[in-house]
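So the chains spell out like this:
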Amino acid sequence: MTMLDSFLWLCTLGYALFVITMLIGLVRIAWQGRTVSLQDRGTMDSHAMDTSPMDVAVVIPVRNEFPHILALLDDLSKQVLYGLRLEVIVVDDASTDGTAEAVSQYAGLRGVGVLRCVSAATRPAGVSPKIWAMQQGMSLTVAPFVLATDGDCRVSPSWIQAMLGAFDDDTGMVVGMTRCDDVTRPYRRTDAIQSLELSAYLFIAAGSIGMGHPLSANGNNLAYRRAAYDAIGGYAGIEHIVGGDDDLMAQRMAASRWNVRFATHAAATVYTQPSDTLLNFIRQRVRWISKGLIYGGWLTPFLVVMWLYLVLFSVSLPLWLLGMWPSVWAIWLVKVLVDGLFLGFGSIYMGQARNLRAWPIAELLYAPYAVLVSAWGNLGRFTWKGRVTKSTL
């Protein structure tokens, strides 16, 4: 066995241990959520609700989301609230497509709560647009519970109840599931690949939360206890990080006295459409992964080693096919089995089993894709929502 074989085997075993650990956490989440009911609002702070003019707020940062935002507002107007007072705050980040005007003229939320549309155009230099928009929204509400989603998402009528139901006395933040589905067109394998890749990301979020050490989250489906958000200083100290509004907040919350939980009820799921082009998909994922070198602790060196592992993995299959690395098939077998077990359980549990049809091709494409996206996001500049940026400002 060569030194290269030894390194690849060592990395493969480390990768397998990590994935199995995430699988154990995911099984814990599934077990804990087996009896969740929408009638259970958790142990929310009733005193805070009694003394606040609003019980719950939804903050939606948007930029050029005119084609989607009104559908989301329609969804929010249909929420089953059981008497809760709802406030919706749309924070417009210098849209140029009429998003702010459409929201300001929207009249469908009457009878449910308060709708406000505010501008985040006066963003200070060196502050992430998404975080600045979230800060503006959070500063405008005194609701004891605040949910966050994106303007291109859709939610079920019980979304708010399902997210609030995940809180207990010690919970400061709840992370929800996101599904990448487009029900307006026939099933496409490329959509399934995107959906499976997003699901894997969130299975890791759920698994790490289940193990008590949150690693990731998705900013389009989060809920905060306001007291916990204030206690950790909100986004202070990470304002300059372009993608720090989800993963870093979950890690920061878990490092405090507050817990992070994963919402297991199906109604807590947020739906978003697959990216319409390969370039837009890559740009989105580049932004998501751009904070990898900022995590700190053991996670950053682990991710660097895994990146080197995936570089070798990317070239191993062509070399094996050429007969230049005959022993690598066993390493592939271990990775495929571990990935299949993790993705299979997660997809079936989350009701996304049909995406497994795209798993074989996704398995082949993932290593080179992850190498490219990780390097681009952490070392280069990228375009998102019409702006050229980098991981930190």
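Just so you know, these numbers come straight off a predicted model, no measurement behind them.

Trainee: Before we go on, may I ask you to explain unusual backbone geometry in this structure?
Mentor: Across residues other than glycine, the phi torsion is negative in most instances, and most of the peptide bonds are trans. The phi dihedral of Asn64 is positive, around 55°, even though this residue is not glycine. Positionally, Asn64 belongs in the loop between β1 (56–62) and α3 (66–77). Taking the relative accessible area as the measure of exposure, Asn64 reaches 27% and is therefore partly exposed. Backbone geometry places Tyr82, a non-glycine residue, at a positive phi of 50°. Accessibility expressed as a relative area gives 43% for Tyr82, which makes it partly exposed.

Trainee: Could you clarify how one ought to interpret helix α5 (residues 129–139) in this entry?
Mentor: Count 3.6 residues to each turn of an α-helix, and residues three or four apart come out pointing the same way. Within α5, 10 of the 11 residues are buried, which leaves the element mostly enclosed by the surrounding structure. Buried residues in α5 make contact with β1, β2 (86–92), β4 (145–148), α8 (226–231) and β12 (387–389).

Trainee: Would you take a moment to explain the confidence of the model for the chain for this structure?
Mentor: A low pLDDT means the predicted coordinates there should not be read in detail. Scored by pLDDT, the chain has a mean of 89; 92% of the residues are at 70 or more. Ranking the elements of the chain by mean pLDDT puts helix α2 (residues 46–51) last, at 49, and strand β8 (residues 222–225) first, at 98.

Trainee: I keep staring at helix α13 (residues 359–379) and nothing clicks. Help me out?
Mentor: With 21 residues, α13 ought to run about 30 Å at 1.5 Å a step, and its terminal C-alpha atoms sit 29 Å apart, in line with that. By the burial criterion, the buried members of α13 are Ala362, Glu363, Ala367, Tyr369, Ala370, Val371, Val373, Gly377 and Asn378. Looking at the buried side of α13, the elements it contacts are α7 (189–210), α10 (278–289), α11 (299–321), α12 (329–349) and β11 (382–384).

Trainee: Just to check I follow, could you spell out the packing of α11 against α13 for this structure?
Mentor: For the pair α11 and α13, interaxial distance at closest approach is 9 Å and the crossing angle is 135°. Put simply, α11 runs oblique to α13. As α11 runs across α13, the sense of the crossing is left-handed. Only Leu364, Tyr366, Ala367, Pro368, Ala370, Val371, Ser374 and Ala375 of α13 make contact with α11, whose side of the interface consists of Trp307, Leu310, Val311, Phe313, Ser314 and Leu317. Classifying every residue of the contact of α11 with α13 gives 12 nonpolar, two polar and no charged.

How each quantity is defined
- Residues numbered from 1 in each chain as written.
- Predicted model: local features only at pLDDT ≥ 70, side-chain atom pairs only at ≥ 80, totals over all residues.
- Heavy atoms only, no water.
- Helix = DSSP H or I, 4+ residues; strand = E, 2+ residues; numbered from the N terminus.
- Buried < 20%, exposed > 50% of the residue type's maximum accessible area, 1.4 Å probe, protein only.
- Contact = heavy atoms within 4.5 Å.
- pLDDT = per-residue confidence, 0-100.
- Expected span 1.5 Å × (residues − 1).
- Axes fitted to C-alpha atoms, helices over the stretch in contact; angles between N-to-C directions.
- Parallel < 35°, antiparallel > 145°, perpendicular 65-115°, else oblique.
- Left-handed = near helix turned anticlockwise from the far one by under 90°.
- Nonpolar A, V, L, I, M, F, W, Y, C, P; charged D, E, K, R; others polar.

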